[in-house]
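Summary of structural features
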Amino acid sequence: MKAIWRVFRKEFGETLRERRSLITTLVVGPLLMPALIGVVLSLAIRHSGTPSSRPMALAVAHAERAPQLMAFLAQYGVRIEAVHADRRQSRRRVERSHGPLLYVPRDFGARLASGKPAALRLYADESNRAVQGRVRRLSTLIGLYGGTIARLRLVARGLDPQLLTPIALHPIDVSTPQSRAALALGMLSYAILFTMLMSGLYIAIDATAGERERGSLEPLLTMPVRREHLVYGKMLAACAMMVISLVLTVAAFAFAMRHIGLDRLGMSVNFGPAVAAGIVLGCLPLIPAGAALMTLVASFTRSYREAQTYVGLVLLIPTLPLIFASIMGLQPRAALMAVPSLSQHFIIMSLLRAQPLPALDIAISATVSLALGAVLMFLAGRLYRRENLLG
Amino acid sequence: MIEARGLTKRFGALTAVDSVALRAVDGRITGLLGPNGAGKSTTLRMLYTVLAPDGGEAWIDGISVVHAPLEARRRMGVLPHGAGLYPNLTARENIEYFGTLQGLSRAVRRARAAELIERLEMATFADRPAKGFSQGQRVKTALARALIHQPRNVLLDEPTNGLDVMAVRTLRRLLGELRAEGHCILFSSHVMQEVAALCDEVIIIAAGTVIVQATPDELRARAGTQSLEEAFVRLVGLEGEGGPA
Ligand SMILES: Nc1ncnc2c1ncn2[C@@H]1O[C@H](COP(=O)(O)OP(=O)(O)O)[C@@H](O)[C@H]1O
Ligand SMILES: [Mg+2]
């Protein structure tokens, strides 16, 4: 038993000195991932703001011919840029890849005053998607303006303006802030679990393939220590790295999420210290299983390189349930809480959404994950006893 | 004291070691001599308990490697073939780590490591990380590591492989000192001169079987030649022709 601790101390200490593994554990995971996801989310936020609330520039030729319309547009966030151009110049200007241009004909005011349709010309290159959006918004705004004038005219003639609206379509958006946030949150739990597993990879591979390749395995096996204790010590060291990485990653996420304003996405994310601690505690039971699984796979490989390839692939296994969950829209229930990694995903989600899971579900998750870890660690110990471990 | 009887190891259809009996006593250097593929490493691996024999048994100071491998390991210092180090640990840390695994207290392993570092002339590189060590530096570190618990028995698999002249001299001197201190030393080699220069006793092994165990003088007499090398070739060759040894 003491030997496990001795091996642990050495493996842990040595890993802390290995630049490559430190970078994976402390930089790529906890810093890069949250930064990456932070950027993706903040881009999503920028693009999800309702279009009408964002300012939009619009070039207008002869804006002075329609002062009230201009005031109306400005009220709705359109920044008018007066340009001097006749019709032909307007067209050419837009053709040279400028944004849309609104041309106000000379008779605009007069026709409006006499109750005749007053024309406006909107030059735009509609093959450009960004321009399409602006044209649609502009059409809506001008339609709105026209509708207001029409209603005023009816009222002036003693008619009910409702006559103009025989049918009213009310689109009802049923997406809740939570469901909109689901994808982003799923990505987050994926990142947390993946980084956590990643950081144990180096030691897990080193325990067998690495030791064998550099020829330090054979002398190690001549030490008066039971072989399975050697591998237990190594797996514990992998677990320790994973704990460090998990804590750092969650802390970094908590920090990042606070600073990108998820509430603007409609996400009620309460990523405070309590939630962060809950996430760490919820994920901890998965760590032994992850370390043991990677060690097991690595012990079947013949070289460090081969081990990296296979263990890299194995890293995807615990993340598969997450993908299924998000595709199939799985909701937490007792049976699913018995699936390691999926249950951790549910725990992370529930904490972030402030929809606590039943204590039983959490207990199932922890018990099953830890039991799996114990079985896999035992198997890794057995494999380490095999004679052909030396290759 | 190392003894083996009927030691046998098979790898599939190949019998790599076939009923090997040998004896290496305290205060002497015993050489395991044989051509490549003769079964030297496999024999040593069974002795230092990394491989389990398919037949036969061996004892280290009377302790069975089959029945009490952990206890047997405490009594052995092993330098396996191509012994690798932990590249991120310094030579000193590599040595002390094995001291830890041997259960030595911090003070003891510190003192012993320092002593071995001096004895093996490792001072210039002892506190450098092992990555980038020369073959000689690596072997010295691995040797010091194997001796940290002051084992009575020392087993070395082709220790001079890839060493420069200076390193070989240091190694020879050390083995001589260990012999004088009463250790039992068993090492393998495929180089005749090396065995001749060091050994009190030679075990010639070919195709997995021991052909002869004798002193160098006895060997010369037996093969009827003054040259040990000639004796080696004849003895191994005789066996190859199926004749008596
Ligand atoms: N792990 C192994 N698997 C299969 N064959 C092996 C293994 N180890 C050694 N051998 C074979 O056993 C024979 C003896 O090998 P070895 O003991 O390494 O010889 P030596 O050390 O004398 O050169 C060789 O034919 C070798 O190929
Ligand atoms: Mg060999």
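Let me sum up the structure you'll find in this document. For every chain, the first residue of its written sequence is number 1, and the numbers climb from 1 along that sequence. Chain labels run from A onward and ligand labels from 1 onward, assigned in the order the entries are written. With pLDDT at 70 or above as the cut-off, local features in this predicted model cover only qualifying residues; side-chain atom pairs require 80 or more to be listed or tallied, and sums for whole chains, interfaces and linings still use all residues. Note that the side-chain values use all heavy atoms of the structure and ignore hydrogens as well as water.

Overview of the sheet that holds strand β3 (residues 101–103) of chain A
Residues and elements named next belong to chain A.
- In spatial order, the strands read β2-β1-β3-β4; together these four strands make up an open sheet with mixed pairing. Each end of this open sheet is capped by a strand with a single partner; those strands are β2 (78–83) and β4 (121–123). Direction aside, neighbouring strands of the sheet carry axes that sit 30 degrees apart on average. Any two strands between which DSSP finds at least two bridges are classified as paired. Going along the chain from the N terminus, every DSSP run of H or I of four or more residues is numbered as a helix, and every run of E of two or more is numbered as a strand. For helices, the axis comes from a line fit to the C-alpha atoms of the stretch in contact; other axes are also lines fit to C-alpha atoms, and the angle between any two N-to-C directions lies between 0 and 180 degrees.

Regarding the packing of helix α3 (residues 91–101) of chain B against helix α5 (residues 135–147) of chain B
Residue and element names in this part refer to chain B.
- In the contact formed by α3 and α5, the axes pass within 8 Å of each other and the chain directions differ by 25 degrees. Viewed along their axes, α3 and α5 adopt a mutual orientation that is roughly parallel. Considering how the two elements wind past one another, α3 and α5 form a crossing that is right-handed. When α3 is examined against α5, the residues Ala 91, Asn 94, Ile 95 and Phe 98 are found in contact with a partner set consisting of Thr 141, Ala 144 and Arg 145.
- Classes in brief: Ala, Val, Leu, Ile, Met, Phe, Trp, Tyr, Cys and Pro nonpolar; Asp, Glu, Lys and Arg charged; the others, Gly included, polar. By residue class, the composition of the contact of α3 with α5 is four nonpolar, two polar and one charged. For this classification, under 35 degrees means roughly parallel, over 145 means roughly antiparallel, 65 to 115 means roughly perpendicular, and everything else is oblique. For any helix crossing, the convention is left-handed if the near helix is rotated counterclockwise from the far helix by under a right angle, and right-handed if that rotation is clockwise. Throughout, a residue-residue contact means that at least one pair of heavy atoms, one from each residue, lies within 4.5 Å.

Some words on the pattern of salt bridges
- Salt-bridge detection follows one rule: a side-chain nitrogen of Lys or Arg within 4 Å of a carboxyl oxygen of Asp or Glu. Tallied over the entire structure, the rule returns 28 salt bridges over all chains.
- For Glu3(B), the salt bridge identified is with Arg23(B), shortest N-O distance 3.5 Å. Here the residue Glu3(B) occupies a position in strand β1 (residues 2–11), and Arg23(B) occupies one in strand β2 (residues 14–24), the gap between them amounting to 20 residues.
- We call a residue buried when its accessible area falls under 20% of the maximum for its residue type, exposed when it is over 50%, and partly exposed in between, using a 1.4 Å probe and counting protein chains only. The exposure class of Glu3(B) is partly exposed, given its relative accessible area of 21%.
- One network of salt bridges, in which partners are shared, links Lys10(A), Glu11(A), Glu14(A), Asp206(A), Glu211(A), Arg214(A) and Lys234(A).

A short note on the interface of chain B and chain A
- Listed as interface residues are 30 residues of chain B and, on the opposing side, 25 residues of chain A.
- Summed over both partners, buried area is the accessible surface (1.4 Å probe) that two parts give up on being assembled. Summed over both partners, the interface of chain B with chain A comes to about 2,600 Å²; 56% of that surface belongs to carbon and sulfur atoms.
- In terms of surface lost to chain A, no three residues of chain B exceed Tyr86(B), Asn88(B) and Leu101(B), which account for 25% of the buried area on that side.
- Linking chain B with chain A are two salt bridges.
- Whenever two N or O atoms come within 3.5 Å, that pair is a polar contact, provided that in protein one can donate a hydrogen and the other can accept it, and provided that, for residues adjacent in sequence, both atoms are side-chain atoms. The tally of links from chain B across to chain A stands at eleven residue pairs in polar contact (both at pLDDT 80 or more).

Side note on a nonpolar patch on the surface
Residue and element names in this part refer to chain A.
- Patch membership needs two things, relative accessible area over 30% and no salt bridge, and members are linked within 9 Å if like-charged or within 5 Å if nonpolar (Val, Leu, Ile, Met, Phe, Trp, Tyr). Method for areas: the Shrake-Rupley scheme with a 1.4 Å probe, in which residue coverage is limited to the protein chains shown. The grouping of Ile 23, Leu 26, Val 27, Val 28, Leu 31, Leu 32, Ile 244 and Leu 248 at the surface amounts to a nonpolar patch, some 590 Å² of accessible area in total.
- Looking at the nonpolar patch, the elements that each hand over two or more residues are α2 (19–48) and α9 (227–260).
- The dominant element in the nonpolar patch, judged by the number of residues it contributes, is α2, at six residues.
- Relative to the assigned elements, Leu 31 resides in helix α2.

Let's talk about the nonpolar core
- Within the largest apolar cluster, 158 residues are counted, with the highest numbers of intra-cluster contacts made by Ile192(A), Phe271(A), Ile279(A), Ile2(B), Leu47(B) and Ile204(B).
- Counting residues per element, this core draws most heavily on α9(A), which supplies 14 residues.
- Ignoring anything within four residues of it in the chain, the contact list for Leu47(B) reads Ile2(B), Ala4(B), Leu7(B), Leu22(B), Ala58(B), Ile60(B), Val65(B), Met76(B), Leu155(B) and Leu186(B).
- Here, the term nonpolar core denotes a set of buried Ala, Val, Leu, Ile, Met, Phe, Trp, Tyr and Cys residues that are joined through side-chain atoms within 4.5 Å. Of all hydrophobic cores here, the second largest spans 17 residues; its members include Leu58(A), Ala66(A), Phe108(A) and Tyr145(A).

Some remarks on the site of ligand 1
All names here are of chain B.
- Near ligand 1 you find Phe 11, Leu 14, Ala 16, Pro 35, Asn 36, Gly 37, Ala 38, Gly 39, Lys 40, Ser 41 and Thr 42, and these make up its full shell.
- Within the backbone of Gly 39, a nitrogen or oxygen atom sits 2.9 Å from an oxygen atom of ligand 1.
- Between ligand 1 and the protein, one listed contact pairs an oxygen atom with a side-chain N or O atom of Thr 42 at 2.6 Å.
- When ligand 1 sits alone it has 560 Å² of accessible area, and the protein chains cover 63% of it.
- Contributions of two or more residues to the shell around ligand 1 are made by β2 and α1 (40–47).
- Take the shell around ligand 1: its biggest share by element is three residues, from α1.
- Considered class by class, the residues forming the shell around ligand 1 number five nonpolar, five polar and one charged. A cutoff of 4 Å decides nearness: a residue is near a molecule or strand if any of its heavy atoms lies inside that distance of it.

Remarks on helix α14 (residues 342–352) of chain A
All names here are of chain A.
- Most of α14 is tucked away: ten of the eleven residues are buried.
- Looking at α14, one finds that the buried residues are Leu 342, Ser 343, Gln 344, His 345, Phe 346, Ile 347, Ile 348, Met 349, Ser 350 and Leu 352.
- Just downstream of α14 lies Ala 354, where phi reads positive at about 55 degrees.

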